[in-house]
Amino acid sequence: MNISSPVEVLLTHSYHLYYDRKQAERQQPYPPLGTIYAAALVREAGFSVAIFDTMIDDPDEGFERALAQYKPRVVVVCEDSFNFLSKMCLLRMREVSFKMREQAAKIGIPILVHGSDSSDQVETYLNNGFQAVLLGECEQSLVELLNALLRNGQSANWKIPGLAYLAAPDGKLTFTAARPRSTDLDQYPFPARDMVAIDRYSAIWRTHHGRSSTNLVASRGCPFHCNWCAKPIYGNKFLLRSAESVAQEMQLLKHQYGVEHLWFADDIFALNRRWVIEFADAVERRDAAIPFKIQSRADLMTSETVAALKRAGCEEIWMGAESGSQAILNAMDKGLTVASIEGARQRLGAAGIRAAFFLQFGYPGETLTEIEETIALVRRCRPDDIGVSVSYPLPGTVFHQRVQEQLGEKRNWIDSQDLSVMFSAAYTDEFYRSLRNALHYEVKQYWLSTSLEEHHKLIDLWNEVYRLEKRCKVARPTQLPVLQASTNHALAMCGAEVCG
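For the structure given in this document, a descriptive report is provided here. Please read all numbers here as calculations on a predicted model, not as lab measurements.

Running from N to C, helix α17 (residues 429–446) and helix α18 (residues 452–471) point in directions that differ by 155°, and their axes come no closer than 9 Å. Our classification of the angle between α17 and α18 gives roughly antiparallel. In this structure, the crossing between α17 and α18 has a hand that is left-handed. Two secondary-structure elements touch here, α17 through E430, F431, S434, L435, N437, A438, L439, Y441, E442 and Q445 and α18 through E454, K457, L458, L461, W462, E464, V465, L468, E469 and R471. A class-by-class count of the residues in the contact of α17 with α18 yields 10 nonpolar, three polar and seven charged.

This is the structure in C-alpha cells:
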C-alpha cells in the first residue's frame, strides 16, 4: 500500500516519550506493542490499516497530518497495555487521547478507545465523545466492531462482547457481555512491526545506549494477588505462548531486524519452570539468543530456572522486592519473604545475571522502622539497579478501596516522574523524593569507583533524608492491619498445574 493511500482504520495510542520527563531523559523508547498486535489482527481480518505512533512522533502536530494523509473511516486509540507506563493511567496521556478525539471529530471521523485508563474511567471517555470503550482483551472485539461499523453500517447499540457505549437514542450507559479471555496466544500473528519506524527506534537506542532494543511478550496476565496491582486488561488468568513461537519471534528479530537487545514486557516471566527450559532449548536450536531483560518474582528464581534463563540469553531480571519489611510484604498480600529476595539476588549474581529491585515506599502501616528495613535489604543485597516508587492507588485494587475516601481531586500522576502520594502516607512527597534520590545515588555508587566528593555527596543526601523525616511527618497517616509472621506463601502461589 502506498504510504499516502487512504485507509479504513487508523490506529494510534496516547503515550509520547517527550511528554514524560523521566522517560525522555532515559531515551529508551519501545514500540507500542499492544497497538501493533491489534494492527496485525485488524490487517489479517481484511481491513486496510495504518498507525500513527505517538511514542516518537509529536501528537500535537503529527496526528492532524496523519488524519489528512490517511483519511481513515475510523480511528482507534489502542493503548499499549503491555507497557507499565500505560498501566499507570497518566493524566498527560488522557489529555492526548481527548485532543485526538477532538481532532478526529472536527472532520467527522468516529473514534474508539482501549486501555487501562479508559477501562477505569468509562463514563469520562464516553462523555468526552468516544464512540465506544473496548474492555478487556481488545483484539477480537475490535475486529467485530470494525465489521459492524465498516461492513454492516451499524453505528450504535452493538451486541458485541467487551464493549461500553452510550446507547441511542437516550444516551444510556451500556455494557455488553464480558469478552472471554483468549485460550491460545499462538493463534495471533506476530505484531505488525513493519507498520512502525523500527529504524528510528534503533537509531535512538544506538545513539544513547550503543545497541538497539525492542519489546515482545511471551504471556498475558498474572495469577498473583498483590493488592496494589491493577490488571484491568488481562486480569489474573495467566496464559503462555508456546516456547517455540517465542523463540521463532526472537529469531526473526535477531536475523531480520538486527535487534541486539530485548525487553520481555510480560507482567511476570518464568512462572512455569518447565516452559523456561523448553524456551531455552528452542532458542538454542534456532540460534535465536539475544540479550534480554524480564520482570519476575524472587521466589521463582530457582537454580534450575536461573540456569535456563542464562542459556536463553537473559542478562537482567527486575524483581518486585517492594519492601525489606516482612510485615509490609504481608500487608501487600505479596506472598513473598525477605529471605527469598536475598536468595534470588545471590543466585542471579552467581549466574552473571543482573538483579534489579522494584521498591515501593509509603504503603499504609510503613514507618521509619520499615523504611530502614528496606534500606538495609538494599545494602545487604547490593542490587545492580533499583526503581523507586510510592504506593499508587489505582481503581479496581484492594489498596484503592482501602484509601479511596482520602483521595482528593488529584487521583492520577501526570507523568512517571510525578511520585505524588495521593493518600495519607506516613510522610509528605518531599521526604519520599529525597529518599528516592539518596537510595538511587547509593546504588549507583556500588558499581563505580567512588571519589571522596561523591562519598560526601552521598552523606549529604542521607542527612537530608533524616532531616526531612522529622519535618515531613503526617499527623494522622493511614493505618492498616499488618499481617504477622506467616505469609501463607503456598496460597499466594498459582496452582501446581500452572507453575509446573
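What follows picks up the thread again.
Using the criterion set out here, one finds 25 aromatic pairs in the structure. Ring plane angle 55° and centroid distance 6.0 Å describe the contact between Y37 and F82, whose orientation is recorded as tilted. Residue Y37 is located in helix α2 (residues 33–44), and its partner F82 is located in the loop between β3 (74–78) and α4 (84–87); the two are separated by 45 residues in the primary sequence. According to the relative accessible area criterion, Y37 is buried, its value standing at 4%. Classification of F82 by relative accessible area gives buried; the value is 4%. A connected cluster of aromatic rings, assembled from ring pairs, spans F264, F269, W275, F279 and F292. A cation over an aromatic ring shows up here: R379 above the ring of W462, its NZ or CZ 5.1 Å from the ring centre. Seen from the ring of Y446, R382 lies directly overhead, with NZ or CZ sitting 4.3 Å from the centre.

Rules and cut-offs
- Residues numbered from 1 in each chain as written.
- Predicted model: local features only at pLDDT ≥ 70, side-chain atom pairs only at ≥ 80, totals over all residues.
- Heavy atoms only, no water.
- Axes fitted to C-alpha atoms, helices over the stretch in contact; angles between N-to-C directions.
- Helix = DSSP H or I, 4+ residues; strand = E, 2+ residues; numbered from the N terminus.
- Parallel < 35°, antiparallel > 145°, perpendicular 65-115°, else oblique.
- Left-handed = near helix turned anticlockwise from the far one by under 90°.
- Contact = heavy atoms within 4.5 Å.
- Nonpolar A, V, L, I, M, F, W, Y, C, P; charged D, E, K, R; others polar.
- Phe/Tyr/Trp six-rings, centres within 6.5 Å; stacked < 30°, edge-to-face > 60°.
- Buried < 20%, exposed > 50% of the residue type's maximum accessible area, 1.4 Å probe, protein only.
- Lys NZ or Arg CZ within 6 Å of the ring centre and 35° of its normal.

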